[in-house]
Amino acid sequence: MSNADTKNRLAAVSKPLFVIPSHPIWPELSKKEEQQLKERIAELLEKQNGVLLAHYYTDARLQDLAEATGGCVADSLEMARFGTEHPADTLIVAGVRFMGETSKILNNEKRVLMPDLGATCSLDEGCPADQFSEFCDQYPDHTVVVYANTSAAVKARSDWVVTSGIALPIIKHLSENNKQIIWGPDKHLGSYVQRETGAEMIFWPGSCIVHEEFRSIALERVRKLYPDAAVLVHPESPEAVISQADVVGSTTALIEAVASLPNDAFIVATDKGIFSKMKKVAPSKTLIEAPTEGEGATCQSCARCPWMGMNSLQNLLEVLENGKNEVFVQADLAAKARIPIQRMLDFAQQMIKR
Ligand code: 13P
Ligand code: SF4
């Protein structure tokens with residue numbers, strides 16, 4: 001297939017494949033109602049031997065509840081790991097679908113529930129397994145590395161799964177072993193990793209609708225207003241935004257930076273849900289939102305993932321009450337997808353030991 005054909009194919013698949021929902025608006029809760037909901041959920045978690053895994057981008061009340069009930073509030077790598085080590089029979093994943101699927105793939109014997117099975121991700125939606133597989137077929141001698149934000153079927157087509165927390169060392173390791181890499185689906189994270197490692201990589205053209213909206217020129221203006229602030233950027237952001245960062249990293253790395261850097265203020269380019277944890281680890285520090293296209297008319301996400309927003313105390317209670325929204329992954333796909341996920345977890349384990 002010629003380069004032009006490949007480009008045309010990529011142009012074709014980069015047409016919108018999904019509809020971006022507006023950010024869900026949940027009914028206001030009084031303090032008393034919130035407390036009652038939390039108590040009832042905690043009671044059901046205990047009764048059902050369940051544990052709550054919440055991503056840093058979810059509603060602060062879910063994060064608080066996960067912590068208060070012995071669950072975890074974490075990035076996608078840690079959520080995957082935590083579920084495998086916890087003795088609970090039921091994992092309740094407050095996050096997006098790929099996180100629920102990964103938990104199920106790694107814990108087939110456990111029941112995995114999600115507050116809303118429609119909570120997906122633009123990277124997952126923008127990378128249909130059949131098209132991705134065809135794309136990979138064109139480069140049979142390449143190692144296929146996919147971001148965790150993908151379906152079980154895409155993972156099953158890969159050699160390695162990575163999260164943003166571990167992408168750099170894994171690609172560095174592959175590159176040092178002279179591997180040529182197909183990377184999917186986040187082109188921004190992929191090209192960041194390529195710039196950092198010099199690896200030979202071919203990209204699937206996906207992107208995160210939240211991080212893609214951070215604006216580099218507006219960020220330059222904000223930096224002038226707060227010259228002493230450190231700039232923290234998630235690597236799903238465009239290159240012109242990443243190039244202004246003091247720290248580029250996974251959600252966990254950005255939280256650690258707020259806690260450990262001496263700066264009093266931080267400009268943060270990632271989903272605003274993360275501010276809840278950042279305020280906990282560094283209550284005296286000032287957190288400034290990196291600019292998107294503005295809170296008004298034009299921006300689609302305004303730094304809030306609409307799919308993460310589909311998780312609430314209300315629908316979490318519902319799934320515990322009625323057992324709805326169980327996550328299932330076809331056995332053959334799960335068996336294939338487990339291999340590259342486990343490869344990543346084993347690599348992470350080796351890194352800790354080193
Ligand atoms: P982390 O792996 O850093 O948690 O990121 C997941 C994600 O969806 C970021 O948009
Ligand atoms: Fe996907 Fe972006 Fe939402 Fe993360 S923030 S779940 S990458 S759409």
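Small disclaimer: the values here were computed from a predicted structure and weren't measured.

Can you walk me through the confidence of the model for the protein chain in this structure?
For the protein chain, the average pLDDT comes to 93, and 93% of its residues sit at 70 or higher. Contacts of residues 1-9 to residues separated by more than four positions or lying in other chains number seven contacts, the stretch itself having pLDDT below 50.

Honestly, the packing of aromatic side chains in this entry has me stumped. Any pointers?
Pairs of aromatic rings are described using the distance from one ring centre to the other and the angle between the two planes. Applying the stated criterion across every chain yields a total of six aromatic pairs. Seen in terms of ring centroids, F132 and W204 are 5.6 Å apart; in terms of plane orientation they differ by 80°. Their pairing is edge-to-face. Here F132 is found in helix α7 (residues 129-137), whereas its partner W204 is found in the loop between β8 (201-203) and α11 (216-225), with 72 residues between them in sequence. The same class applies to F132 and to W204, which are both buried.

Would you mind going over the sheet that holds β8 with me for this structure?
To summarise the sheet geometry, strands pair through backbone hydrogen bonds and adopt either a parallel or an antiparallel arrangement. Strand order in the open sheet formed by four strands is β6-β5-β7-β8, with parallel pairing between adjacent strands. Since the sheet does not close on itself, it has two edges, and those belong to β6 (160-162) and β8, each with one partner. Within this sheet the neighbouring strands show an average axis-to-axis angle of 25°, counted without direction. Where strand β5 (residues 143-147) lies against strand β7 (residues 181-184), four bridges are found, and the strand directions are parallel. Bridge pairing links V146 to G184 in β7. Those strands touched by α7 are β5, β7 and β8, and its axis lies near 165° from that of β7. Strands β5, β6, β7 and β8 of the sheet are contacted by helix α9 (residues 167-176), whose axis makes an angle of about 150° with β6.

Just to check I follow, could you spell out the sheet that holds strand β12 (residues 286-289) for this structure?
Strand order in the open sheet formed by four strands is β10-β9-β11-β12, with parallel pairing between adjacent strands. Sheet topology places β10 (247-248) and β12 at the edges, where each strand pairs with a single neighbour. Where strand β9 (residues 230-233) lies against strand β11 (residues 265-269), four bridges are found, and the strand directions are parallel. Counterpart to V231 in the pairing with β11 is I267. Most of the contacts of helix α13 (residues 251-260) go to β9, to which it runs at about 165°, and overall it touches β9, β10, β11 and β12.

Would you mind showing me how to read the site of ligand 2 here?
As a structural note, the neighbourhood of ligand 2 is formed by Y57, V96, C121, S122, L123, N149, C208, V210, E236, C305, W307 and M308. A class-by-class count of the residues in the shell around ligand 2 yields nine nonpolar, two polar and one charged.

What exactly am I supposed to notice about the site of ligand 1 here?
The environment of ligand 1 is formed by H55, Y57, D75, S76, N149, S164, H211, H234, E236, S250 and T251. Contact between ligand 1 and S76: an oxygen atom at 2.6 Å from a side-chain N or O atom of the residue. Between ligand 1 and the protein, one listed contact pairs an oxygen atom with a side-chain N or O atom of S164 at 2.9 Å.

Whenever I open this one, helix α3 (residues 60-68) confuses me. Can you help?
One turn of an α-helix holds 3.6 residues; hence residues three or four places apart share an orientation. Residues of α3 that are buried: L62, Q63, L65 and A66. Projection of α3 onto a plane perpendicular to its axis shows the buried side chains occupying an angular sector of 165°, all on one side. Buried residues belonging to α3 abut α2 (31-47), β1 (50-55), β2 (72-74), β3 (90-94), α14 (275-281) and α15 (313-322). With a side-chain oxygen lying 2.8 Å from the backbone nitrogen of R61, the N-terminal cap of α3 falls on D59. In the segment just after α3, G70 is the residue with positive phi, at about 80°.

Would you mind showing me how to read α2 here?
The end-to-end C-alpha distance of α2, which contains 17 residues, comes to 24 Å, matching closely the 24 Å that a straight helix rising 1.5 Å per residue would cover. Every buried residue belonging to α2 is among E34, L37, K38, I41, L44 and L45, and all of these are buried. All buried residues of α2 project into a common sector of 130° when viewed along the axis, lining one side. Residues of α2 that are exposed and angled more than 90 degrees away from the buried face: K32, E46 and K47. Where α2 is buried, its residues contact β1, α3, β3 and α15.

The rules we used
Residues numbered from 1 in each chain as written. Chains lettered and ligands numbered in written order. Predicted model: local features only at pLDDT ≥ 70, side-chain atom pairs only at ≥ 80, totals over all residues. Heavy atoms only, no water. pLDDT = per-residue confidence, 0-100. Contact = heavy atoms within 4.5 Å. Phe/Tyr/Trp six-rings, centres within 6.5 Å; stacked < 30°, edge-to-face > 60°. Helix = DSSP H or I, 4+ residues; strand = E, 2+ residues; numbered from the N terminus. Buried < 20%, exposed > 50% of the residue type's maximum accessible area, 1.4 Å probe, protein only. Pairing = 2+ DSSP bridges. Axes fitted to C-alpha atoms, helices over the stretch in contact; angles between N-to-C directions. Near = heavy atom within 4 Å. Nonpolar A, V, L, I, M, F, W, Y, C, P; charged D, E, K, R; others polar. Polar contact = N/O pair within 3.5 Å; in protein donor to acceptor, adjacent residues only side chain to side chain. Arc of directions from axis to C-beta. Expected span 1.5 Å × (residues − 1).

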